[in-house]
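Take a look at the letters that make up each chain.
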Amino acid sequence: MFFHKQELQYHATPAAPDAVYARKMQEILGGQYGEITVAMQYGFQAINAHMPGKYRDLLYGIGAEEMGHVEMIATMIAQLLEKAPIGITEDAVQNDPAVAAIIGGTDVQAAIVGGAGVRPVDSNGNPWSGSYVTSSGNLLADFVSNANAEMQGRLQVARILHQTNDAGVRDMLGFLTARDTAHQNQWIAAALELRAEGLEDIPVPNKLPREKEFEAVEYQFINFSNGTQAAEGSWATGPTPDGRGTFSYVETPDAGVPMPAPTIPDPRYFGTTPLPNAEEIALAAKKDKRNKE
């Protein structure tokens, strides 16, 4: 059950309107690694967690905080749009010609569709997608994915942080980058704790019986590039992080195996195949008559 408290976790008030910057901020709201993604990702991971206790509580806690970050960024974007001029200013064009080349740098749908309001989209106006969410039911896989999401999100916030001199915006983004730092460390700590407690381990899934794997190749670095420097890395020689084996370097991949013949689909898919048209038509009619696939 969720309750909304009509407060923000931190200040979200710009010094001045800026429709161009509002569009940039849409990426950290509704982009692949935006706050909507992490809020939904951690929430669904918590719902899908298979055991009670600290790990599920961790997911619920950070997921709820991220929903608050959605509200903070959305509130900031709405205020940036509130009194912004409909047209782009000459200064914005001069300062950022790359942005100005894209519809003047402003999101025209923010005006036409949103009525000078924020929407769940990225900086190009693409709607947020549930396909961005990772929720596998395996906590180690999910926690590593969460650390990556926080890293990508913090990168994007850092990249737009220096693109504004607005004190209010910079203040809020400074707070968000600090929380991203905390969450990166917390997901990494949780992943390490899972391993230390013997609940999960790498490779994921660790519970797969080893006899189902081709053990001869499971720790090889196979060189599929004409470069040679990869052989110098710790991933090509020495002990593996899972403690079960030793890396080896294979300079040249083994010869491949013959490809199977091209597939011939059901004639009712109307693909182009080696069969004569008349034969395909007759075969399709026969299948229809039997009412079978």
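Residues numbered from 1 in each chain as written. Predicted model: local features only at pLDDT ≥ 70, side-chain atom pairs only at ≥ 80, totals over all residues. Heavy atoms only, no water.

### Brief notes about the sheet that holds strand β3 (residues 246-250)
Piece 1. Taken together, three strands build an open sheet; the order of strands is β1-β3-β2 and the sheet is mixed. Here the strands that pair on one side only, and so sit at the sheet edges, are β1 (220-222) and β2 (238-239).
Piece 2. Here β1 runs beside β3; their pairing, made up of three bridges, is parallel. Along β3, the bridge assignment pairs Gln-220 with Ser-248. (Pairing = 2+ DSSP bridges. Helix = DSSP H or I, 4+ residues; strand = E, 2+ residues; numbered from the N terminus.)

### Brief notes about the environment of Phe-247
Piece 1. Mapped onto the elements of the fold, Phe-247 is located in strand β3.
Piece 2. Along the chain, Phe-247 and Thr-37 lie 210 residues apart, while their C-alpha atoms are 36 Å from each other.
Piece 3. When sequence neighbours within four positions are dropped, the list of residues in contact with Phe-247 reads Tyr-219, Ser-234, Trp-235, Ala-236, Thr-237, Gly-238, Pro-239, Thr-240 and Pro-241. (Contact = heavy atoms within 4.5 Å.)

### Section: the side chain of Glu-200
Piece 1. In this structure, Glu-200 sits in the loop between α8 (167-196) and β1.
Piece 2. The buried category is assigned to Glu-200, whose relative accessible area is 13%.
Piece 3. Within polar-contact distance, the side chain of Glu-200 engages the side chain of Asn-138 at 3.4 Å.
Piece 4. Within the structure, Glu-200 has its side chain in polar contact with the side chain of Lys-207 (distance 2.7 Å).
Piece 5. With near-sequence residues (within four places) excluded, Glu-200 lies in contact with Asn-138, Leu-140, Leu-194, Arg-195 and Lys-207. (Buried < 20%, exposed > 50% of the residue type's maximum accessible area, 1.4 Å probe, protein only. Polar contact = N/O pair within 3.5 Å; in protein donor to acceptor, adjacent residues only side chain to side chain.)

### Observations regarding the layout of surface pockets
Piece 1. Computed from the structure, the second largest pocket encloses a volume of approximately 320 Å³.
Piece 2. Its residues assigned to classes, the lining of the second largest pocket shows six nonpolar, three polar and three charged. (1 Å grid on protein atoms, 1.4 Å probe; cavity = no way out; pocket = protein on both sides within 12 Å on 5 of 7 lines; lining within 4 Å. Points joined across faces, edges and corners; volume = space filled by probe spheres on them. Nonpolar A, V, L, I, M, F, W, Y, C, P; charged D, E, K, R; others polar.)

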